[in-house]
Amino acid sequence: MSVLEAKMVTKQYQMGEVTVQALAEVDFAVAKGDFVAVMGPSGSGKSTLLHLLGGLDEPTSGEITLAGRPISRLSDDEVTIVRRRKVGFIFQFFNLVPTLSAAENVALPLLIDGRNIKEEQQKIINLLEMVGLGERADHKPDQLSGGQQQRVAIARAFVNDPEIVLADEPTGNLDSKSGTAVLNLLRQFCRELQQTIVMVTHDPRAASFANKVVFLKDGNIIQELPIAHNDGHEEDIRAIMRVMRELEL
Ligand SMILES: Nc1ncnc2c1ncn2[C@@H]1O[C@H](COP(=O)(O)OP(=O)(O)OP(=O)(O)O)[C@@H](O)[C@H]1O
Ligand SMILES: [Mg+2]
């Protein structure tokens, strides 16, 4: 069964007289434990798709189902709760709260959901250890490198055992070594903990860590490519680049 499904999803933005068609009748499904990369040129609708999948914005038409619930038909309050409990987000610029420590940033989604943080301490420590930052729990974001900040953001995204984690260019602001660490972690969360991830990226090497790459052009999904090794393998990178050339992306 799919964790996340988009059916005939269209998104239009009205800019005065002009209608911008950001997504056109997109069908998309993600199974539990899947790691899907979304690629496509600038303006092809990647971020729009991610925002709709995470309930940050509403489709103009079509339906999005998350863990069996039609989020495109819920009230704003209901969507907020679904988003809080079922979705984790990872952004290009980390978006950590600068005044909070690494551990407090990881705990934030639980706090916002009204959970008792005292009872969750062990989980927060475990997550920080999993992302290699057990020794940095008390550091503020400005006392961490970019790669470390993104690893805190990863721990935060998974802290509420979400149905899905959505990542928009999570390696876009990192050097290649920190980027690889982030991609290996995402891979590990899927493989070992059966977590589910949709990641937008421009980088064929980043995409080669996924199980499947979906190519967007002008608001349409125009091709899907299964990935054999899911670990930055040269063969997979070449296959992705070949499709990009063929599709003129
Ligand atoms: N809030 C908005 N209002 C109007 N138009 C928008 C809005 N957000 C996005 N668009 C338009 O929708 C289209 C898709 O934008 P989107 O941000 O999804 O692209 P993208 O694939 O994420 O691009 P990039 O790789 O540059 O991040 C673009 O033509 C963009 O100009
Ligand atoms: Mg974008």
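From a predicted model like this one, the values you see are computed outputs, not experimental measurements.

### Considerations on the site of ligand 1
Thought 1: Ser-42, Gly-43, Lys-46, Ser-47 and Thr-48 are the nearest of the 13 residues found near ligand 1.
Thought 2: A distance of 2.5 Å is found between an oxygen atom of ligand 1 and a side-chain nitrogen or oxygen belonging to Ser-42.
Thought 3: Compared with its free state, where it exposes 630 Å², ligand 1 has 61% of that area covered by protein.
Thought 4: Among the elements that take part in the shell around ligand 1, helix H1 (residues 46–53) stands out by supplying three residues, more than any other.
Thought 5: Taken together, the residues of the shell around ligand 1 sort by class into five nonpolar, seven polar and one charged.

### So, the nonpolar core
Thought 1: In terms of nonpolar packing, the biggest core is built from 49 residues, with Ile-154, Leu-186, Met-199, Phe-215 and Ile-240 touching the most fellow members.
Thought 2: Discounting residues that sit within four places of it in the chain, Phe-215 has contacts with Met-39, Asn-220, Ile-221, Ile-222, Gln-223, Leu-225, Ile-240, Val-243, Met-244, Leu-247 and Leu-249.
Thought 3: Residues Ala-6, Phe-28, Val-30 and Leu-216 belong to the second largest nonpolar core, which totals 28 residues.

### A short note on a negative patch on the surface
Thought 1: A grouping of Glu-58, Asp-76, Asp-77 and Glu-78 is seen on the molecular surface, where their side chains present a negatively charged patch.
Thought 2: By secondary structure assignment, the location of Glu-78 is in helix H2 (residues 76–86).
Thought 3: Overall, the relative accessible area of 37% leaves Glu-78 in the partly exposed class.

### Overview of the layout of surface pockets
A water-sized probe rolled over the atoms picks out the places where empty space is left.
Thought 1: Here the largest pocket defines a volume of roughly 390 Å³.
Thought 2: Listed by contribution, the elements that provide at least two residues to the lining of the largest pocket are H2, strand S6 (87–90), helix H3 (102–112) and helix H5 (146–158).

### Some details on the sheet that holds strand S8 (residues 197–200)
Thought 1: With mixed pairing, the six strands of this open sheet are ordered in space as S6-S7-S8-S3-S9-S10. A single partner strand is all that each edge strand has here, and the edge strands are S6 and strand S10 (220–226). For this sheet, the mean angle separating the axes of adjacent strands, direction not counted, is 20°.
Thought 2: Strand contacts of H2: S6 and strand S7 (164–168), with the helix running at about 70° to S6, the strand carrying the most contacts.

### So, H1
Thought 1: Of all eight residues that make up H1, six are buried, and the element is covered over most of its length.
Thought 2: All of the buried residues in H1 are Lys-46, Thr-48, Leu-49, Leu-50, Leu-52 and Leu-53.
Thought 3: Phi for Gly-55, located one or two positions after H1, is positive at around 70°.

### Focus: the sheet that holds strand S4 (residues 61–66)
Thought 1: Judged by pairing direction, the sheet is antiparallel, and its four strands sit side by side in the order S2-S1-S4-S5 without closing on themselves. Either end of the sheet is taken by a strand with one partner, and the two such strands are strand S2 (18–31) and strand S5 (69–70).
Thought 2: The pairing of S4 with S5 spans two bridges and is antiparallel. Among the inter-strand pairings, Leu-66 is bridged to a residue of S5, identified as Arg-69.

### Here we look at the side chain of Asp-34
Thought 1: Mapped onto the secondary structure, Asp-34 falls in the loop between S2 and strand S3 (35–39).
Thought 2: One buried charged residue, Asp-34, forms no salt bridge at all, with the nearest opposite charge on Lys-212 at 4.6 Å.

### A closer look at the packing of aromatic side chains
Thought 1: Across all of its chains, the model carries two aromatic pairs by this definition.
Thought 2: Between Phe-89 and Phe-91, the ring centres sit 6.0 Å apart and the planes meet at 10°, which makes this aromatic pair stacked.
Thought 3: The exposure class assigned to Phe-89 is buried, which follows from its relative accessible area of 17%.
Thought 4: An angle of 0° between the planes, with centres 3.9 Å apart, marks the rings of Phe-158 and Phe-189 as stacked. With Phe-158 in helix H5 and Phe-189 in helix H6 (residues 176–193), the pair connects residues that are 31 residues apart, well separated along the chain.

How each quantity is defined
Residues numbered from 1 in each chain as written. Chains lettered and ligands numbered in written order. Predicted model: local features only at pLDDT ≥ 70, side-chain atom pairs only at ≥ 80, totals over all residues. Heavy atoms only, no water. Near = heavy atom within 4 Å. Polar contact = N/O pair within 3.5 Å; in protein donor to acceptor, adjacent residues only side chain to side chain. Areas by Shrake-Rupley, 256 points an atom, 1.4 Å probe, with all protein chains shown as cover. Helix = DSSP H or I, 4+ residues; strand = E, 2+ residues; numbered from the N terminus. Nonpolar A, V, L, I, M, F, W, Y, C, P; charged D, E, K, R; others polar. Core = buried A, V, L, I, M, F, W, Y, C linked by side-chain atoms within 4.5 Å. Buried < 20%, exposed > 50% of the residue type's maximum accessible area, 1.4 Å probe, protein only. Contact = heavy atoms within 4.5 Å. Patch = residues over 30% accessible without salt bridge, like charges linked within 9 Å, V, L, I, M, F, W, Y side chains within 5 Å. Salt bridge = Lys/Arg side-chain N within 4 Å of Asp/Glu carboxyl O. Lys, Arg positive; Asp, Glu negative; His and termini not counted. Charge placed at Lys NZ, Arg CZ, Asp CG, Glu CD. 1 Å grid on protein atoms, 1.4 Å probe; cavity = no way out; pocket = protein on both sides within 12 Å on 5 of 7 lines; lining within 4 Å. Points joined across faces, edges and corners; volume = space filled by probe spheres on them. Pairing = 2+ DSSP bridges. Axes fitted to C-alpha atoms, helices over the stretch in contact; angles between N-to-C directions. Phe/Tyr/Trp six-rings, centres within 6.5 Å; stacked < 30°, edge-to-face > 60°.

Taken by themselves, the reported measurements are silent on function.
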